[in-house]
Amino acid sequence: MREVLIPGVNSKKKQMCFDWGPGEMLVCETSFNKKEKSETEPGCPFIYIIRKDIDVYSQILRKLFNESHGIFVGLQRIEEELTGKSRKAQLVRVSKNYRSVIRACMEEMHQVAIAAKDPVSGRQFSSQVSILSAMELIWNLCEILFIEVAPAGPLLLHLLDWVRLHVCEVDSLLADVLGSENPSKHESFWKLVTILVLQGRLDEARQMLSKEADASPSSAGMCRILGDLMRTMPVLSPGNTQTLTELELKWQHWHEECERHLQDSTFAASPHLESLCKIMLGDEAALLEQKELLNNWYHFLVTRLLYSHPTVKPIDLHLYAQSSLDLFLGGESSPEPLDNILLAAFEFDIHQVIKECSIALSNWWFVAHLTDLLDHCKLLQSHNLYFGSNMREFLLLEYASGLFAHHSLWQLGVDYFDYCPELGRVSLELHIERIPLSTEQKALKVLRICEQRQMTEQVRSICKILAMKAVRNNRLGSALSWSIRAKDAAFATLVSDRFLKDYCERGSFSDLDLIDNLGPAMMLSDRLTFLGKYREFHRFYGEKRLTDAASLLLSLMTSQIAPRSFWVILLIDALPLLEEKEVVFSAEQTYELMRCLEDFASRRPVWREPGVQRLQEDVENTKLEMLRLALARNLGRAIIKEGSLEGS
Amino acid sequence: MEDIYAKFVSQKISKTRWRPVPPGSLQTADTFAAGSWDNEENYVSLWSIGDFGNLDSDGGFEGDHQLLCDIRHHGDVMDLQFFDQERIVAASSTGCVTVFLHHPNNQTLSVSQQWTTAHYHTGPGSPSCSSAPCTGVVCSNPEIVTVGEDGRINLFRVDHKEAVRTIDNADSSTLHAVTFLRTPEILTVNSIGQLKIWDFRKQGNEPSQILSLHPNQQHVVATGGQDGMLSIWDVRQGTMPVSLLKAHEAEMWEVHFHPSNPDHLFTCSEDGSLWHWDASTDVPEKSSLFNQGGRNSTFLSHSISNQANVHQSLISSWLSTDPAKDRIEITSLLPSRTLSVNSLDVLGPCLVCGTDSEAIYVTRQLFS
């Protein structure tokens with residue numbers, strides 16, 4: 001539970017209302033209690049947005065989201081090719097990729113935390129670094145136990161690497177001590193040697209001991225003996241061909257030798273060397289003395305295993321883990337969430353790990369990606385949640401929905417939805433329509449996404465929104481091209497009507513370049529076809545191809561695709577053709593024209609305003625009279641021309 | 001094998017441009033500008049590719065590109081161009097055109113000049129000050145030409161407050177890109193795939209017809225389309241593209257001829273790939289991908305690039321009509337497919353590109 005203080009709100013009044021959004025909450029002050037009329041403004045006129053997931057807005061974490069998106073998509077794509085032995089190696093590589101991305105993010109945030117100018121943000125960054133570090137710790141352990149599935153023997157080596165990776169002061173301390181003039185007299189010398197032994201880095205410990213031997217000859221003998229013990233400790237090296245039983249046997253021998261030295265009080269003279277020997281024997285009390293150097297219970301666990309049960313089997317891990325935790329904490333403190341997660345991992349309870357991580361972390365990123373990877377390792381049974389999808393899909397959907405709430409990262413979310421077989425497509429359809437489209441370029445990207453997935457409804461809806469915007473801004477060409485793209489006949493009709501209306505008002509077309517080049521798109525709607533053809537008629541007339549123009553005009557009128565309101569214009573357009581010196585319309589065509597004219601005259605549209613109607617009617621009547629006269633004259637000429645001999 | 005360095009920069013990159021090197025100098029490109037989009041706060045930033053003389057242990061230069069400075073930009077960065085060595089012109093989705101000035105001494109950027117209402121909508125339904133995104137900008141000292149979604153072409157001159165010339169309603173649909181053919185002629189491409197040439201010397205607001213140029217010069221224009229097709233046009237002759245090449249699977253956002261090696265063409269696309277087209281004829285065997293095409297009136301063009309200064313005696317291999325003789329080799333330069341590659345720029349042996357996965361890729365060995 002978190003408390004958020006909203007600036008500017010009068011908390012004494014205790015009057016607020018809120019509403020939930022997909023990733024955020026809107027809050028504002030109200031004044032329901034006020035008895036007086038609302039003449040005064042409410043005290044706080046703002047609406048506040050409270051975001052649940054602040055991580056998404058962090059600059060550095062964005063790199064994490066982007067890089068891991070690339071890895072995620074890559075993993076889904078190679079899924080089909082993953083077979084057999086190489087499968088495990090590939091999956092381990094993917095896991096290491098994820099981890100290196102987390103580490104890179106951690107490094108960068110650490111730099112920023114150090115460089116932070118004010119302590120508050122410095123603290124925030126530092127806490128973020130520790131969260132990332134914990135995430136990497138958990139992921140690494142999951143990789144060792146679940147993905148790599150190391151058997152007994154190599155298991156311990158992996159665990160040693162795991163611990164070494166997460167305790168970084170050792171190297172700096174080593175450099176420090178070695179760099180000093182008299183290493184063995186350095187104040188942290190024994191501390192360093194102890195840490196090296198605790199981490200199983202016996203070669204380096206031996207080197208340090210030899211320095212001590214050189215410095216103080218009295219303990220040279222003891223150092224040499226301890227050094228020999230260190231050298232002869234049997235370890236399973238990766239290329240080694242010895243079996244586990246052989247190793248176990250050798251190790252038993254070596255253990256007994258160490259025990260013997262301790263019994264003989266070989267190291268009694270130097271308490272430091274004695275405690276080192278005890279550690280190497282796996283003595284719990286000696287290890288617990290080094291609590292400060294160990295720093296956490298899992299370090300204690302691994303060291304204990306190294307020196308008492310190096311051939312531990314994976315299934316036995318959880319027993320040692322539980323006892324290590326108890327011993328280390330010693331009843332003083334209770335386990336933290338991280339400890340519980342690690343314990344669950346040692347118990348091989350994947351569901352518990354994921355559940356605890358979901359609770360502990362504020363963002364779905366970690367659990368979504370880890371679960372997806374484990375699912376590829378075929379480790380999650382189809383654990384059906386009550387609304388139908390399985391855990392992997394649930395987590396991916398949650399994560400992707402969170403991405404869509406972000407103004408910029410929505411593009412990543414698309415790919416995540418793609419790989420959710422049950423509810424992914426539906427979720428994407430709902431989300432993608434709600435992305436605000438401020439520029440055409442963004443709209444094109446969104447449309448490309450929809451078209452690639454055959455989401456025709458969404459394409460149509462988005463194109464309609466864009467076309468409507470274009471019409472409002474008087475960009476008729478854009479509007480038309482959007483409606484053509486959406487194959488939206490109704491809208492194309494609307495835009496064509498606008499074009500025609502503009503023509504009626506102005507007497508010329510506004511956007512010839514578009515209309516002239518419609519091509520097959522003309523067939524989308526009747527009105528559009530009419531527009532294209534009408535323009536073609538104008539072109540014919542301009543090019544003096546009069547017979548073509550005439551037959552086109554006639555076909556426009558007879559084919560019924562011309563809107564009623566346009567008929568008078570079409571008829572008037574026939575006038576100049578009729579007045580030409582040559583006879584353009586044949587007798588047949590003239591009869592057709594006359595029929596159209598009478599058809600039109602008998603069914604003239606009704607005008608609303610009576611005053612205007614009078615005037616309009618007069619003008620129209622004059623025009624129609626002129627037309628009738630021209631038609632009659634043309635008829636006469638045509639009959640004569642057709643009646644006379646051909647070729648005259 | 002080219003070394004290509006990627007860096008994640010926490011913002012989706014819409015444009016990247018190399019800073020031009022002074023003519024006659026032997027320097028290679030070392031600085032580029034990048035603009036972001038789709039953020040609540042967008043930035044125009046300047047990056048350097050680390051030619052500080054730092055040598056790492058192998059004797060090579062540091063690979064990563066470093067941020068020099070950035071400045072907040074209002075609205076998405078729709079287009080970016082270097083006006084000269086110090087000034088960058090940015091076109092915004094709010095219809096504003098800004099000139100930024102770079103101060104090398106203290107590594108900062110500042111706003112030098114701004115035309116806030118360069119592009120706007122006027123219409124019965126739009127409010128009186130409705131802005132329109134400015135989609136393309138091109139510079140040729142001292143002039144700046146901008147085009148926008150309102151179909152308007154503006155000609156600005158630096159240090160003049162108002163536009164020197166405006167052609168309203170130059171196009172009924174959105175103008176997507178503009179380039180200079182020769183000053184004072186520009187070529188624009190609109191969203192229904194038409195190229196128009198405009199001559200600013202003429203007074204009218206109509207595009208000039210295709211001018212007849214000097215017969216020995218060749219003006220080759222390449223356009224990339226919404227369906228990923230690459231078309232090569234010869235501006236001298238005819239209204240059809242000389243060739244249509246099926247290229248990417250999604251919109252091609254930018255097309256660039258290499259400025260000094262015009263036999264090389266670079267395209268980047270929404271499908272997340274960046275291709276290098278090599279039409280140089282010295283290597284004998286290459287696969288032939290030449291395609292003769294007719295007119296395709298339904299493709300929508302997005303970007304144009306103009307091949308300038310071709311030798312008079314050289315016949316451009318792009319215009320050749322013999323598929324057997326001239327072959328084009330295509331290589332994909334990015335190591336893995338990402339989200340859309342929005343922008344690219346080439347200068348000398350260096351290439352920079354920006355993607356929607358919030359990463360900038362730089363390579364310094366294009367022709368190795």
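Residues numbered from 1 in each chain as written. Chains lettered and ligands numbered in written order. Predicted model: local features only at pLDDT ≥ 70, side-chain atom pairs only at ≥ 80, totals over all residues. Heavy atoms only, no water.

### Considerations on the sheet that holds strand β12 (residues 134-140) of chain B
Residues and elements named next belong to chain B.
Okay, so step 1: Pairing is antiparallel in the open sheet, where 4 strands are placed in the order β12-β13-β14-β15. In this open sheet, the two strands that pair with only one neighbour each are β12 and β15 (165-167). Averaged over all adjacent pairs, the angle separating strand axes in this sheet is 15 degrees, with direction ignored.
Okay, so step 2: In terms of strand pairing, β12 meets strand β13 (residues 143-148) through 6 bridges, oriented antiparallel. Considered in β13, the bridge of Val137 is made with Thr146. (Pairing = 2+ DSSP bridges. Helix = DSSP H or I, 4+ residues; strand = E, 2+ residues; numbered from the N terminus. Axes fitted to C-alpha atoms, helices over the stretch in contact; angles between N-to-C directions.)

### Things to note about the interface of chain B and chain A
Okay, so step 1: Facing the 49 residues of chain B at the interface are 39 residues of chain A.
Okay, so step 2: Roughly 3,700 Å² is buried in total at the junction of chain B and chain A, and carbon and sulfur atoms are behind 43% of that figure.
Okay, so step 3: The largest per-residue losses of area from chain B upon contact with chain A belong to B:Phe8, B:Ser10 and B:Ser172, which jointly make up 17% of the total buried on that side.
Okay, so step 4: The tally of links from chain B across to chain A stands at 5 salt bridges.
Okay, so step 5: Here B:Glu358 ties to A:Arg62 by a salt bridge, and the two come within 2.6 Å at their closest N and O atoms.
Okay, so step 6: Remark: the boundary between chain B and chain A carries 25 residue pairs in polar contact (both at pLDDT 80 or more). (Contact = heavy atoms within 4.5 Å. Buried area = accessible area lost by both parts, 1.4 Å probe. Salt bridge = Lys/Arg side-chain N within 4 Å of Asp/Glu carboxyl O. Polar contact = N/O pair within 3.5 Å; in protein donor to acceptor, adjacent residues only side chain to side chain.)

### Some words on a negative patch on the surface
All names here are of chain A.
Okay, so step 1: On the surface, a cluster of negative charge is made up of Glu256, Glu259, Asp283 and Glu289.
Okay, so step 2: Mapping Asp283 onto the fold places it in the loop between α10 (271-280) and α11 (284-289).
Okay, so step 3: The class for Asp283 is partly exposed, based on a relative accessible area of 34%. (Patch = residues over 30% accessible without salt bridge, like charges linked within 9 Å, V, L, I, M, F, W, Y side chains within 5 Å. Areas by Shrake-Rupley, 256 points an atom, 1.4 Å probe, with all protein chains shown as cover. Lys, Arg positive; Asp, Glu negative; His and termini not counted. Charge placed at Lys NZ, Arg CZ, Asp CG, Glu CD. Buried < 20%, exposed > 50% of the residue type's maximum accessible area, 1.4 Å probe, protein only.)

### Examining the sheet that holds strand β18 (residues 195-199) of chain B
All names here are of chain B.
Okay, so step 1: The 3 strands lie next to each other as β16-β17-β18, forming an open sheet whose pairing is antiparallel. Since the sheet does not close on itself, it has two edges, and those belong to β16 (175-182) and β18, each with one partner. Strand-to-strand twist of the sheet, defined as the mean angle between neighbouring strand axes without regard to direction, takes the value 25 degrees.
Okay, so step 2: Pairing of β16 with strand β17 (residues 185-190) involves 6 bridges; the strand directions are antiparallel.

### Remarks on the nonpolar core
Okay, so step 1: Residues A:Trp162, A:Leu226, A:Trp297, A:Phe346, A:Phe366 and A:Tyr534 are the most contacted members of the largest nonpolar core, which totals 210 residues.
Okay, so step 2: If one sorts the elements of this core by residue count, helix α3 (residues 119-147) of chain A sits on top with 12 residues.
Okay, so step 3: Excluding its chain neighbours within four sequence positions, the residues that come into contact with A:Phe366 are A:Met135, A:Ile138, A:Trp139, A:Cys357 and A:Leu361.
Okay, so step 4: Residues B:Ala222, B:Leu265, B:Trp277 and B:Ile328 belong to the second largest nonpolar core, which totals 14 residues. (Core = buried A, V, L, I, M, F, W, Y, C linked by side-chain atoms within 4.5 Å.)

### A word on unusual backbone geometry
Residues and elements named next belong to chain A.
Okay, so step 1: Even without glycine at this site, Val149 takes up a positive phi of about 50 degrees.
Okay, so step 2: Of note, Val149 is situated in the loop between α3 and α4 (154-166).
Okay, so step 3: With a phi close to 65 degrees, Lys544 is a non-glycine residue in the positive phi region.
Okay, so step 4: On the secondary structure map, Lys544 appears in the loop between α26 (526-542) and α27 (546-558).

### A closer look at the pairing of strand β3 (residues 31-37) of chain B
Residue and element names in this part refer to chain B.
Okay, so step 1: Taken across its 7 residues, β3 has 7 buried, putting it largely inside the fold.
Okay, so step 2: Here β3 shows a buried face lined by Thr31, Ala33, Gly35 and Trp37 and a second buried face lined by Phe32, Ala34 and Ser36.
Okay, so step 3: Note: β3 against strand β4 (residues 42-48), 5 bridges, orientation antiparallel. Along β4, the bridge assignment pairs Ala33 with Leu46.
Okay, so step 4: Counting the residues that bridge the hairpin from β3 to β4 gives 4 residues, and of these Asp38 lies at a positive phi of roughly 65 degrees.

Scope: geometric values only; no functional claims are made or implied.
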